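# Fold and contact review
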Amino acid sequence: MVLYAFIKGVFREAFAKRILLTIFGFFSVLILLFVFGITNSTVEGLQLMLESGSAGGLKEAVLTFESYIVSGIPMFMLVASMLIITSSFVPDMLKKGHIDLLLSKPISRTKIVFGHFIAATLLVLFSFTFLLGSIWILISAKTGYWNVSFLYSIVWFTFIFAVLYSSVMLIGLLSRSNILSLIINMLMFFPTTFLLYLANTYFQSDQKGIVFGPVAESLLKFFYNILPKAWDVQDISVLYVTQSPITNNMPIISSVLFMCVMLSLSIWYFNKKDY
Amino acid sequence: MSVIEINSLTKHYSGKKFSGDKIKALEKVSFNVGNGEIFGLLGPNGAGKTTLVKILLGITFATEGNAMIFDKPVTNVNVKRRVGYLPENHKFPNYLTGEQVIDYFGKLSGLRKSDLDKTTYKYLKMVGMDEWGTTKIKKYSKGMLQRLGLAQAMISNPDLIFLDEPTDGVDPIGRKEIRDVLLDLKSQGKTIFLNSHLLSEIELICDKVAILNKGELIKVGSVDDITSTGNKYIFTTSDLKEDVMNKVLMEYKGTLHGKNEFECNINTVEEVNKIIDYLRSSNVLIHGFNKEKNSLESMFINLIEQKN
């Protein structure tokens, strides 16, 4: 009951600060652009494929097209924009005069951290559902091929957001500054995880253009293993969308572990901190 | 029965980074607050008043010692169901209306919507804000925000209410109304812990006070005990004849302040009555007599100056 009131309070804040309006406005523009895009060019191409090939050709074309939509760059832009929007939640909560009131209520500090995390994740889940759900309906209605697996991308994108938001929360609690927390996260995770992903791809390939020393290789592997794997999870998302088998669950497991560690640290720090 | 028990409460903050210095916010503070009392906490800026209140509410943690509220440690979250709090310089979300603020913090206090529907208006009316309930609080004045804060602190019908500078920014009529609300709460058996700079206000409504200075408790007791100057009585009378003056001076060890006023140190009620009987038998009209008291403000200033 108290936790529900707290989560509702975060949503009310997002609504009042026009955060929800901004998200849905921005996504509506994206959907409109997509409507024009899909009408003028993409569907014609897909229909040509349909006319020239079998039903399998259409399916393949739709899957390929949808896999572009959930590829790395759109994922980066969507998750990054959501992290920017939600990064002020924790520092705003910690403002003097507000945190005192909150902590004087019969709600544990652990629940406050969880409440914020759940509220931000739900907000992003609804937003991604609106955007990716609309795009899915548009593509499916235009092509006649309803690839339900595409909807898994909503879950995967939200998962990537949740993993990264857990560290945004921790840095927000430590620094009390939304800008600092955002900068650190942007600097830390997207470039490093992308580089580590490339490094890992390199290690797994047979043709190696660059040769790393054993120490550098071990360090790269170490960081790759402990840091969240946004880009690898995005790869898994593409596999889901294209209905391909998932062979490696390690990025999911290690990202979940990273999220658990970040949340535990946030809870530990918040529980011992004087306000 | 004590509602609040504080035993050797100590709080040290770390000073400059890497210096190892400690700032002593509180040093072995101990006192109790009884049920149904209005308790005032006094002290100059930086005395540790807000730190003490924050420790009692679990917002800040003590370095040493312990504090109990309703016989439970202050770190117990469930204790807060019986506690209301109005912080100094509170910041309610300014996108909410007065009613929404009460609704939000009421729900965080564990109240159901049905309970809030019944009580929101009642408490807004109690603090004179019933006509402003549907207005966004960004349009409120400082005084209105304080009144709303008081309603927020009372919404869960708590047994203990902490108020940090509740009349800050409130006009004199509003201050009187808030005092009346506090006295009404006291009559309902609620305990009120008041932190205020307005000593005259504390003197008017508090049963007991504690004075803090530089983190140390320098005095605790009832307002009467703290402001009392001993057993000095001042009599105001009609013109005193010389023989009466002499007797007052010699027998009752009085000090004259002119023909119409004198003071005596009297230890018992019987002695007071004896003087009255003598004055009346000497045809002296008694206009009044009072046990001399210092104001809380002068006592407070004296105590702080002595300590410094």
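Residues numbered from 1 in each chain as written. Chains lettered and ligands numbered in written order. Predicted model: local features only at pLDDT ≥ 70, side-chain atom pairs only at ≥ 80, totals over all residues.

The next point concerns the nonpolar core. Formed by 138 residues in total, the largest nonpolar core has its most connected members in Ile 160 and Phe 161 of chain A together with Leu 56 and Ala 151 of chain B. The biggest single contributor to this core is helix 8 (residues 152-175) of chain A, with 15 residues. With near-sequence residues (within four places) excluded, Phe 161 of chain A lies in contact with Val 79, Met 82, Leu 83, Thr 121 and Val 124 of chain A. (Core = buried A, V, L, I, M, F, W, Y, C linked by C-beta atoms within 7 Å. Buried ≥ 20, exposed ≤ 12 C-beta atoms within 10 Å, placed from the backbone. Helix = DSSP H or I, 4+ residues; strand = E, 2+ residues; numbered from the N terminus. Contact = placed C-beta atoms within 7 Å.)

The subject of this paragraph is the domain arrangement of chain B. As far as domains go, chain B holds domain 1 (2-214) and domain 2 (229-296). For domain 1 of chain B versus domain 2 of chain B, the distance between C-alpha centres works out to 44 Å. (Domains from an automatic or database assignment.)

Let's shift gears to the sheet that holds strand 11 (residues 228-237) of chain B. All names here are of chain B. Strand order in the open sheet formed by 4 strands is 12-13-11-14, with antiparallel pairing between adjacent strands. Every interior strand has two partners, whereas the edge strands, strand 12 (255-256) and strand 14 (286-293), have only one. Note that strand 12 and strand 13 (residues 261-265) share 2 bridges and pair antiparallel. Across the sheet, the residue bridging to Leu 256 is Phe 262, located in strand 13. (Pairing = 2+ DSSP bridges.)

With that settled, the discussion passes to the environment of Ile 183 of chain A. Locating Ile 183 of chain A in the fold gives a position in helix 9 (residues 178-204). The spatial distance from the C-alpha of Ile 183 of chain A to the C-alpha of Thr 158 of chain A is 20 Å, given a sequence separation of 25 residues.

A few words on the pairing of strand 6 (residues 83-86) of chain B. Residues and elements named next belong to chain B. With burial as the criterion, each face of strand 6 is covered, one bearing Val 83 and Tyr 85 and the other bearing Gly 84 and Leu 86. With 4 bridges joining them, strand 6 and strand 7 (residues 160-164) adopt parallel strand pairing. In the strand pairing of strand 7, Gly 84 is matched with Ile 161.

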